[in-house]
Every structure is written in C-alpha cells, then in structure tokens.
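An overview of the molecular structure
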Amino acid sequence: MAPIVEGRPFEVAPGVFVVPDGRVPLVPNVGVVVGDRAALVVDTGLGPGNGAIVRGIARELAGDRPLVLTLTHFHPEHGYGAQAFGGATIVYNRAQRDELRDKGQGYVAMFRGLGEDVARELEGVELVQPHVVYDGAAELDLGGRTVELRSLGPAHSRGDQVVFLPEERILFTGDLVETRSFPIFPFFPPHDVDVDGRAWIAVLEALERIGPRVVVPGHGEVGDGTLLAATRGYLTLRDAETARLGADGRDGDAIVAELEPRLRERYPDWDYPEWIAFGVRSVLARAR
Ligand SMILES: [Zn+2]
C-alpha cells in the first residue's frame, strides 16, 4: 500500500482532530488542534505530496487562521512533508532539530531504499529547519487553548517530543506508542544507535503520571492511557528476558531466536514483529 495520507479527520475533542493512519505502513497519525487565533499541526506525512495533503486538511479545519507546525520526531514519515507548510511557523525542540541536521539526509537515502512507493513520495524532498526552537518544554497559546510541547528524548529517537493538551488531557506521543504493534526500534548500527529502551520506559512512566484521557499514538488506533502501559509492559518484559538469557551466556542471535517466537505468541495481534530483533540487539549493545 502506498504511504499516502488518506484518512478523514475525526474529532477527539471539540476542535482537536486526528487524521488516522488507517494502519497503512509509513503513514503517521496526524493531529490538527484549532484555537481561536491559530491552529497547530502535528506531523506531516512522508514527503512533499503528503505534506500538501495534510496542509490542505489543516486549511479546511482551521480556515484562515495562521498555522503552526510541529513534529513528534525527525523520522521521515512524520516530518518530511514540512516544506509544504510555507507561511506556517515551524517549532521543533532543539534535540529534534539537531538530530534532523545530523541524520536527516541519511534517513532520506535509507527510506528511498525501502521501495518504489516510498522513493516516489520522497522525490524533491527538502529538510526544513524550524523558525523557533526550545529546550525542555514550551507552551503554545493558540487562543482560548494552550498546548504544551515537551522534549523527552532520547527514547525512540534522540529528539522525541510529545504534544499535550492539559485541559482535554489529550496526548500526542509520536512513536513512543504504536497501537497493536511491536515498538519501532530504529537500531541501525553504525548509522543510528540512539534508540534507548531503558530511557523509553522511564518516559512512558512519566507520561502515565500526567494521566492522559486520550492517547494519539504515532501509528495505529487512538486509545486511552492504557496504550502507554501496554508499550511499557512489552519493553520491560523484553528487556528482562534479554538480560536473563544473556546472563545464561547466549549470544545475540541465540537470544533473538529464542525470544522472538515467545514474544510473538505473547502479543498475537501485534503487527511488525521484525522490530523485536532490532530491540533485543539494541538492549544487548547498551548492556556491553
Ligand atoms: Zn519514528
């Protein structure tokens, strides 16, 4: 299936919209938060064509309000449509901005190798620098509605950012959570080894403490706070089992061979089991 944003936006609270990914690979869930004076777009889809689609949806929902764009992290399917947002104010956390500078072109090359459909969407892609960067946390006043941005990486990536609406208790997590899917572990040595499973667990615990009512994951269906616990439970189990098998003297291949089928059995309705092995190898690399 081509990685194209085709979902119709639905409201998770008045003025808060999600364009659902429809479980299409390399399509993210996209958010549009409409305030009295401005509207915030969260993630763009892969490449300039998807960016234009998302910008069109945002325009329909937001009318002539100025647009602000932010991205949950630097991965191509989340942010490499930003060039379609000319005229919008673009805000990233500093860690994400730096990670995009360091790795952005490498990820374009890697994603082009994933298939013709993906390469087509990346034709003419330009990596876009933000107008505003922040450290730690920032608040956006959209008019009658405040949105909190929090920089929480490294976890899934070095520069993970979440978007939280404190009044409605809605949380956009990016790929810190994916519904009914093995967590994406972008452990690609030697090019990218920044994914940090232990830190990821701590980030999820912190997010559980803020008590979201609605969780919009990076991919997969919108849910509630139990999505955070489900991801944390998987990561905790996988790490403990990896450590236990490693302590028994098994090497990485043996651990993957033993653990992968058991975890698939434990999570029979989760997609993308190929990420199990990447995760195990990341845990082992960090334990060295
Ligand atoms: Zn990602």
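Within each chain, residue numbers correspond to sequence positions counted from 1 in written order. In keeping with the model being predicted, local features are shown solely for residues with a pLDDT of at least 70 and side-chain atom pairs are shown and tallied solely at 80 or more, while totals for entire chains, interfaces and linings include all residues. To get the side-chain values, all heavy atoms of the structure are used, and hydrogens and water are removed first.

**Structural notes on the overall build of the protein chain**
Under the scheme used here, helices are H or I runs from DSSP no shorter than 4 residues and strands are E runs no shorter than 2 residues, and both carry numbers assigned from the N terminus. Scanning the protein chain from terminus to terminus reveals eight helices and 12 strands. C-alpha atoms define the radius of gyration, and 2.2 Å times the number of residues to the power 0.38 defines the globule rule. Since a compact globule built from 288 residues should have a radius of gyration of about 19 Å, the 18 Å found for the protein chain is in line with a globular shape. Burial classes: relative accessible area under 20% of the type maximum marks a residue as buried, over 50% as exposed, and values in between as partly exposed (1.4 Å probe, protein chains only). Burial analysis of the protein chain (288 residues in total) assigns 54% to the buried set. What makes two residues a contact is simply this: any of their non-hydrogen atoms within 4.5 Å. Residue pairs at least 24 apart in sequence account for 67% of intrachain contacts in the protein chain once pairs closer than 6 positions are excluded.

**Let's talk about helix α7 (residues 252-266)**
In this model α7 runs 20 Å from its N-terminal to its C-terminal C-alpha over 15 residues, within 8% of the 21 Å that 1.5 Å per residue would give. Along α7, the sharpest change in direction is near 25 degrees and occurs at Leu259; proline Pro261 comes one to four residues later. Taken together, the buried positions of α7 are Gly252, Ile255, Val256, Leu259 and Leu263. Each element contacted by the buried residues of α7 is listed here: α6 (226-247) and α8 (274-287). Multiplying 1.5 Å by the helix residue count minus one yields the expected span of that helix. Bend, in this description, refers to the angle at a residue between axes fitted to the seven residues ending there and the seven starting there.

**Topic: the pattern of salt bridges**
Within this document, salt bridges are pairs made up of a side-chain nitrogen of Lys or Arg and a carboxyl oxygen of Asp or Glu, the two lying within 4 Å of each other. All chains considered together, the criterion is met by 24 salt bridges. A salt bridge links Arg180 to Glu221; the shortest N-O distance between them is 3.8 Å. With Arg180 in the loop between β11 (170-178) and α5 (197-209) and Glu221 in the loop between β12 (214-219) and α6, this pair connects stretches of sequence that are 41 residues apart. With relative accessibility at 32%, the residue Arg180 sits in the partly exposed group. In this structure, the salt-bridge partner of Arg238 is Asp239, at a minimum N-O distance of 2.8 Å. Among the ionic contacts, a cluster of salt bridges with common partners joins Glu99, Asp102, Lys103, Arg158, Asp192 and Asp194.

**Things to note about the coordination of the zinc ion**
Nitrogen, oxygen and sulfur within 2.8 Å of a metal are treated as its donors, or within 3.2 Å for sodium, potassium and calcium (Na, K, Ca); water is not counted, so a site can appear incomplete. The zinc ion binds to the protein through His73 (NE2), His75 (ND1), His156 (NE2) and Asp175 (OD); the donor distances cover 2.1 to 2.2 Å. For four-coordinate sites, all angles between 85 and 135 degrees define a tetrahedron; for four- and six-coordinate sites, opposite donors beyond 155 degrees with the remaining angles between 65 and 115 define square planar and octahedral shapes respectively, and all other cases count as irregular. Taken together, the four donor atoms coordinating the zinc ion span angles of 89 to 167 degrees at the metal, a pattern that classifies the geometry as irregular. Sequence spacing of the donors to the zinc ion: H-x1-H-x80-H-x18-D. Here Asp175 lies in strand β11 and His156 lies in the loop between β9 (146-151) and β10 (161-165), a separation of 19 residues in the sequence. Here His156 and Asp175 have matching classes, each one buried.

**Observations regarding the sheet that holds β10**
Between any two strands, at least two bridges found by DSSP are needed for them to pair. What the five strands build is an open sheet, ordered β8-β9-β10-β11-β12; its pairing is mixed. Since the sheet does not close on itself, it has two edges, and those belong to β8 (137-141) and β12, each with one partner. Each strand of the sheet is rotated relative to its neighbour by a mean of 25 degrees, with strand direction disregarded. The pairing of β10 with β11 spans three bridges and is classified as antiparallel. What sits directly across from Val163, in β11, is Phe172. Think of each axis as a best-fit line through the C-alpha atoms, taken over the contacting stretch in the case of a helix, with angles from 0 to 180 degrees between the N-to-C directions. Sheet strands touched by α6: β11 and β12. Its angle to β11, the strand with the most contacts, is close to 20 degrees.

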